4 protein chains.
Amino acid sequence: MAIGLGLIGTGFMGKAHALAYRAAGAVFGDLPDVRLALLCDTPADRAEAMARQFGFQSATGHWRALVASPDVDIVSITTPNGLHKEMALAAIAAGKHVHCEKPMALTLEDAAAMEAAARKAGVSTIVGYNYIHNPAFAHARRLIAGGVIGRPVHFRGIVDEDYQADPELAWTWRAKRADAGLGTLGDLGCHLVSMACGLMGPAESLVADTQIIHETRPLADGSGRAAVENEDTASAILRFASGAQGTLVTSRSAWGRKNRLDFEVHGTKGMIGFSQERMNELQLFVDEGERSRQGFRTILTGPEHPPYGAFCPAAGHQLGFGDLKTIEVASFLRAIAGGQPAHPDFSAALGFEAVIHAIDVSAREGRRVQL
Amino acid sequence: MAIGLGLIGTGFMGKAHALAYRAAGAVFGDLPDVRLALLCDTPADRAEAMARQFGFQSATGHWRALVASPDVDIVSITTPNGLHKEMALAAIAAGKHVHCEKPMALTLEDAAAMEAAARKAGVSTIVGYNYIHNPAFAHARRLIAGGVIGRPVHFRGIVDEDYQADPELAWTWRAKRADAGLGTLGDLGCHLVSMACGLMGPAESLVADTQIIHETRPLADGSGRAAVENEDTASAILRFASGAQGTLVTSRSAWGRKNRLDFEVHGTKGMIGFSQERMNELQLFVDEGERSRQGFRTILTGPEHPPYGAFCPAAGHQLGFGDLKTIEVASFLRAIAGGQPAHPDFSAALGFEAVIHAIDVSAREGRRVQL
Amino acid sequence: MAIGLGLIGTGFMGKAHALAYRAAGAVFGDLPDVRLALLCDTPADRAEAMARQFGFQSATGHWRALVASPDVDIVSITTPNGLHKEMALAAIAAGKHVHCEKPMALTLEDAAAMEAAARKAGVSTIVGYNYIHNPAFAHARRLIAGGVIGRPVHFRGIVDEDYQADPELAWTWRAKRADAGLGTLGDLGCHLVSMACGLMGPAESLVADTQIIHETRPLADGSGRAAVENEDTASAILRFASGAQGTLVTSRSAWGRKNRLDFEVHGTKGMIGFSQERMNELQLFVDEGERSRQGFRTILTGPEHPPYGAFCPAAGHQLGFGDLKTIEVASFLRAIAGGQPAHPDFSAALGFEAVIHAIDVSAREGRRVQL
Amino acid sequence: MAIGLGLIGTGFMGKAHALAYRAAGAVFGDLPDVRLALLCDTPADRAEAMARQFGFQSATGHWRALVASPDVDIVSITTPNGLHKEMALAAIAAGKHVHCEKPMALTLEDAAAMEAAARKAGVSTIVGYNYIHNPAFAHARRLIAGGVIGRPVHFRGIVDEDYQADPELAWTWRAKRADAGLGTLGDLGCHLVSMACGLMGPAESLVADTQIIHETRPLADGSGRAAVENEDTASAILRFASGAQGTLVTSRSAWGRKNRLDFEVHGTKGMIGFSQERMNELQLFVDEGERSRQGFRTILTGPEHPPYGAFCPAAGHQLGFGDLKTIEVASFLRAIAGGQPAHPDFSAALGFEAVIHAIDVSAREGRRVQL
């Protein structure tokens, strides 16, 4: 009997989930069958229309109905961040597996509650840190594990977009701490943390600072301006448990950056670099061979970098953003079928999100924060 | 009643078609419904297995059965090039719409026969020149049409891969003219032509040269070496009907190139550049504003470059190779539904392929060839 | 009467100064004449040999003789950093103008003493922060001053090399705090500060961390290992007086980086980026014109970016490292002739170096440091 | 007794020669001494002024006086191309060594006459193909000679600028065949040939086409328009004596290109790429090591790439255009001192220029031209 998917949300991430669940089985030959069982959005007729487009069997305007449906085995949550907790707890309570978009919740406490509930219930979970499913990222991890760049000693990470760069952009709920939680740290920074920890291991402590660039924004109705309550930029200097250090920097007000998510791992024998806006490339420098021929090499991902080959047998043909989501889904389905944890499950994701909240605390309290 | 797809072949392109037909409707909300009706490959049990993976309703080991099936409205042909003609003619004779991979056929005569049959039968056709469906390419065309770079006066195109770069790679049927037709021109060069003509208009005449780099290759069974009969590289200098000139260069023996498909259009006011290995970027130089601030700009594709937004509402998140095939499929389905020709249909594709055969003739006969 | 140059040192920087003083007058038509009067190095016969090569009128093995020589108007100091202070104070006492390599001294106190002495004596001074003489840097400053990217709100800076990346490199005096002072901050970090302050204005406070990657290094004589006492990497988060924030990161152990000195200035209307390893390029993004055509543009420096044109009337022909030194020399000679301060004189350079020492203090004491 | 330099011309190239002859001895420790003896330009007072700036001992308004002067051993010719022949023949007749800018002359016949005269007279000659003196180019040659990329089998070359891109730029003598000779081939194309032949060996035959983009240009006095008589673009497909093929393409009307001079050498084991606008980098791909780690590497030139180290002991610090001229001068001075031919002397340069004239002939006569 195929696994039943219940998807809540049909926006950017909702569509991404729908496409990925549609594609995964055909891309990978080894996955359990999935039924696109039930799609939820409001109003209900939007849910109906998108269910037809995405190929879901039925639709609803009530997420609690979705969570309760016996047709649904996986609840996929792609709603605004402030709704994740209630939906996830309900789904867990109903014994469903949960696929939740990042960040898990507005506060670390809420995320911790979700993690505890999932652990206790024994359901499978995964959080949508899709960039770490990139074959290029997996290859970076393998190179490090294989000692190719020696011991990792320093990390540099940047994640920038420009969706809040325009000073005259209207105020939205995203700027309100009670509704949106953190600013760029929650939207972007946590992705970078998922990479940093995946490459360098856990962080131990940090110092940080944050900045609100645009202190107020005009209200859309022309009635004045309202305060921006969460950070436009954040910067942190981390100490990892391994003894290495590193920096994380993020801005949602960085003109010209559309999906910049760059990292460098400096090792004692070489260096690895990556840039999400060129997500099919990996930079590698190794201190080997004649010095006169050394240089950073640009590795184009291909079938030598699993699971690229499941999409295309020819190197350099490029995966896209949607393909990363498909890999994430495949990994979740395998975990469900095999009974082992997916990555990153709620527990791993909680670790990532602890870092962004620690950055916020360090910046507000002006002190080193231990993790 | 949904349009029934019959797909022949489950290799690189077969899988690409299957994934694209699965995805297209969910990506685009405005397409006619498609049923994945029948999948053909040999042996039949491979067809069965892949039908299960890809989600086809049934499978067969006999392509003629597929072509004859009343369940099938579109015949999608992804077999080796030498088989296209027979299959396409049979499908046309059965009144099916035909989606054929490029190149259409081994010879221009065969391609012309296919085109004539399709035209006479009035079926819809499309040929798999998927790179021209890239939103970046569409944007390049719009920029030119809008006069942004002035009158296009010069074209530069390169298409390189390295799948035949290794001198000790075993001989295969690809090296045999009777079985494979042209060499790099058929595999790669025709893609470049599809771009050149789409940007510059039709070519009028050309001079060219070709080269066999590896004159023999070892037989796989160790019994000696066999001759390579078709070109490893080809170079041509074109005159377009517009009066512009341009160069096309291709190699299948270009170490390090995985899917290089680069073009430049030089205009009287600016220049556009593109590189398939960075397929989400477009280079643009325009002679405007202060000289001290001029420079090539790297445009990252996004929702401003349709139909990127159907995949993702955020710029810079990257489409992949598979997404191009999905756009191609969408364009074919719209054409079928609307009754107008798809692009490139057999007629347009015949025009592209006339150019690669003219390059071959020019090289062999040492003379300018008119198109 | 031509200005007499006395140059101390014939190594990397010594040669750079010699070549620059030789070239400056011929490159720029508006400079006072310079005589290459006296060259000092030890042993004296090295000084003799290099004086012949560089075209100096005479040579000496004694720097105090050079400082005292009535033939010498400018004392150019390119010796190891620990010697700068004594030489500069002697030169100032003798009424000479002083051209000193960076950093000014091992400690901030020593640098401050040099600055006070020069100010009191009224001699002209300049410190060898040559990268800020790049026409590309000057252009970045002009773009910011002209409001092209709006209000500068965020800064990112990286300066990396790999001369201490190899774990098995022998221990040298560079690793000893008493002899070398700071580590990567003194060698590299201060260059980055000179750029950061030039673009963003003065820094106000910072938090920082540093790291010794290779805690010991083998002694060259094979007798064991000795401790590395100064930092291999340093990271800081700055608050500028303007209210902007920014990060500075540096490593002398970053494999593959040869002279990476990169910055970004994020503004409210656009962004500027620069990379020293491509020193003839400037990246510029401005939020103007149609969104579909926006992108980072690569500006190649040329005559529109003074004083590039003094070297070459054609854009894109590339200046080199030596040319930056020539511009620095020209700027110093103009200051001497005109009686106004050069940039950066001891006073400005002291401001730069206060920042690297503040980073060191913050890292050692674990607290925010005010500047 | 130092070698006396007589330099004719103080424009772009004149200044480049002056700076290079000033610098060469100080950069390289092993060169014969040079005196900047005599500078010629018209009017004479310009020559006087520039002689003061450049440091020449005297000046003249009459080039024949310079050629005749017993103070002059080398005659350096940087005047418009149409004057080279007469000046060079006079200098040779006077027994002087000749340093001539490229191209040697307006016609191949004139260049041949110059070559014959120099050979007969036994004087040393060199032609200003400065780009081949780049340490990166020398390294490319060494890599090929050392078999690193296997047998060179294919060449791609492009040289583009935009100084004739603007359709409304005024007509000048450069557009007149009698005064300027070839168009982009003479200005730019011959540089590319010097690289192609240096990397691939001599060319054997070619087919080509050329194009005049802007058929007329406005006269500066507003009195109408005049015809452009020489090519804006040229394209050629070459067969080298080695059996390899390659393409050369050039445009003087390529918007945004300031000094693009790019080549690729495809070999049986790897590939080398170079781009003059990033002249301190070399791209190298070698089919070695694990496929999953292969990629084009960017080699930054440094002391491992002689004679970079003569300018700077630290890699990645960047040479500039002027430094290439300094290397050219050093190579000429060594040749004069040692009695062996410099490279490229008139004989080698004649070989380069035969190729651009062959391209012109092939384009005009529509036939393959043997070299």
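Calculation notes
Residues numbered from 1 in each chain as written. Chains lettered and ligands numbered in written order. Predicted model: local features only at pLDDT ≥ 70, side-chain atom pairs only at ≥ 80, totals over all residues. Heavy atoms only, no water. 1 Å grid on protein atoms, 1.4 Å probe; cavity = no way out; pocket = protein on both sides within 12 Å on 5 of 7 lines; lining within 4 Å. Points joined across faces, edges and corners; volume = space filled by probe spheres on them. Helix = DSSP H or I, 4+ residues; strand = E, 2+ residues; numbered from the N terminus. Phe/Tyr/Trp six-rings, centres within 6.5 Å; stacked < 30°, edge-to-face > 60°. Buried < 20%, exposed > 50% of the residue type's maximum accessible area, 1.4 Å probe, protein only. Lys NZ or Arg CZ within 6 Å of the ring centre and 35° of its normal. Least-squares fit on C-alpha atoms with pLDDT ≥ 70 in both. Contact = heavy atoms within 4.5 Å. Polar contact = N/O pair within 3.5 Å; in protein donor to acceptor, adjacent residues only side chain to side chain. pLDDT = per-residue confidence, 0-100. Buried area = accessible area lost by both parts, 1.4 Å probe. Salt bridge = Lys/Arg side-chain N within 4 Å of Asp/Glu carboxyl O. Nonpolar A, V, L, I, M, F, W, Y, C, P; charged D, E, K, R; others polar.

*Asks:* Would you mind going over empty space enclosed by the protein with me for this structure?
*Replies:* Where empty space is left becomes clear once a probe the size of a water molecule has been rolled over the atoms. Tallied over the entire structure, the rule returns 14 cavities of 30 Å³ or more. Here the largest cavity is characterised by a volume of approximately 500 Å³. Along the walls of the largest cavity sit 32 residues, with Ala23(A), Asp323(A), Ala23(B), Gly322(B) and Asp323(B) positioned nearest its centre. The set of elements that each furnish at least two residues to the lining of the largest cavity consists of α1 (12–27), α9 (308–311) and α10 (321–338) of chain A together with α1 (12–27) and α10 (321–338) of chain B.

*Asks:* Got a minute to help me understand the packing of aromatic side chains in this structure?
*Replies:* Scanning the model with the defined rule gives 40 aromatic pairs over all chains in all. Pairing Phe285(B) with Phe296(B) gives two aromatic rings, centres 5.3 Å apart and planes at 45 degrees, and the pair type is tilted. Residue Phe285(B) is located in strand β15 (residues 281–286), and its partner Phe296(B) is located in strand β16 (residues 296–300); the two are separated by 11 residues in the primary sequence. As far as burial versus exposure is concerned, Phe285(B) and Phe296(B) are alike and both buried. These aromatic residues form a ring-pair network of at least three members: Phe137(A), Phe155(A), Phe240(A), Phe263(A) and Phe274(A). Over the aromatic face of Phe28(A) sits the side chain of Arg334(A), whose NZ or CZ is 5.1 Å from the ring centroid.

*Asks:* Hey, could you run me through the relation of the copies chain D and chain B in this one?
*Replies:* Look at the two chain copies: a rotation about an axis and a shift along it is all it takes to match them. At an RMSD of 0.0 Å, chain D and chain B line up after a rotation of 180 degrees and a shift of 0.0 Å along the axis. In the structure described here, the two chain copies are related by an operation that fits a two-fold rotation axis. Interface residue correspondence from chain D to chain B reaches 100%, placing this contact among same-surface, isologous pairings.

*Asks:* How do you make sense of unusual backbone geometry when you look at a structure like this?
*Replies:* Across the chain, the bulk of peptide bonds are trans and the bulk of non-glycine residues have phi less than zero. Residue Pro307(B) follows Pro306(B) across a cis peptide bond; omega there is 0 degrees. By secondary structure assignment, the location of Pro307(B) is in the loop between β16 and α9 (308–311). The omega torsion across Thr42(C) and Pro43(C) is -5 degrees, close enough to zero to call that bond cis. In this structure, Pro43(C) sits in the loop between β2 (34–40) and α2 (44–54). Residues other than glycine seldom take positive phi values, yet Gln318(B) does so here, at roughly 80 degrees. Its place among the elements puts Gln318(B) in the loop between α9 and α10.

*Asks:* For this particular structure, what's the right way to read the relation of the copies chain D and chain C?
*Replies:* It takes a turn of 180 degrees to lay chain D on chain C, together with a shift of 0.0 Å along the axis; the resulting RMSD is 0.0 Å. A symmetric contact is evident, with 100% of the interface residues of chain D recurring at the interface of chain C.

*Asks:* Explain the environment of Glu231(D) here, please?
*Replies:* Residues and elements named next belong to chain D. Mapping Glu231 onto the fold places it in the loop between β10 (225–227) and β11 (233–240). On the basis of relative accessibility, which here comes to 3%, the residue Glu231 falls in the buried class. Between the C-alpha atom of Glu231 and that of Arg252, which follows or precedes it by 21 residues, the distance is 8.7 Å. Residues in contact with Glu231, not counting those within four places in the same chain, are Leu182, Gly183, Thr184, Leu185, Gly186, Thr210, Gln211, Ile212 and Arg252. Here the side chain of Glu231 touches Gly183 through a polar contact of 2.9 Å, landing on its backbone nitrogen. A distance of 2.8 Å separates a polar side-chain atom of Glu231 from the backbone nitrogen of Leu185.

*Asks:* What should I look at first to understand the confidence of the model for chain A in this one?
*Replies:* Any segment with low pLDDT has predicted coordinates that should not be analysed in fine detail. Mean pLDDT for chain A: 97, with 100% of residues reaching 70 or above. Scoring the predicted complex yields pTM 0.98 and, for the interface, ipTM 0.97.

*Asks:* For this particular structure, what's the right way to read the interface of chain D and chain C?
*Replies:* Much of the literature gives interface size as the accessible area that the parts lose upon coming together. Counting residues at the interface gives 33 residues for chain D, matched by 33 residues for chain C. Between chain D and chain C, roughly 2,800 Å² of surface is buried when both sides are summed, and carbon and sulfur atoms account for 55% of that area. Of all residues in chain D, Ala26(D), His317(D) and Gln318(D) bury the most surface against chain C, accounting for 21% of the area lost on that side. For the pair chain D and chain C, the number of links is 2 salt bridges. When the shortest N-O distance is used, the salt bridge between Arg278(D) and Glu281(C) registers 2.7 Å. Of all the secondary structure elements, the ones that give two or more residues to the side of chain D that touches chain C are α1 (12–27) and α2 (44–54) of chain D. When its residues are assigned to classes, the side of chain D that touches chain C shows 17 nonpolar, 9 polar and 7 charged.

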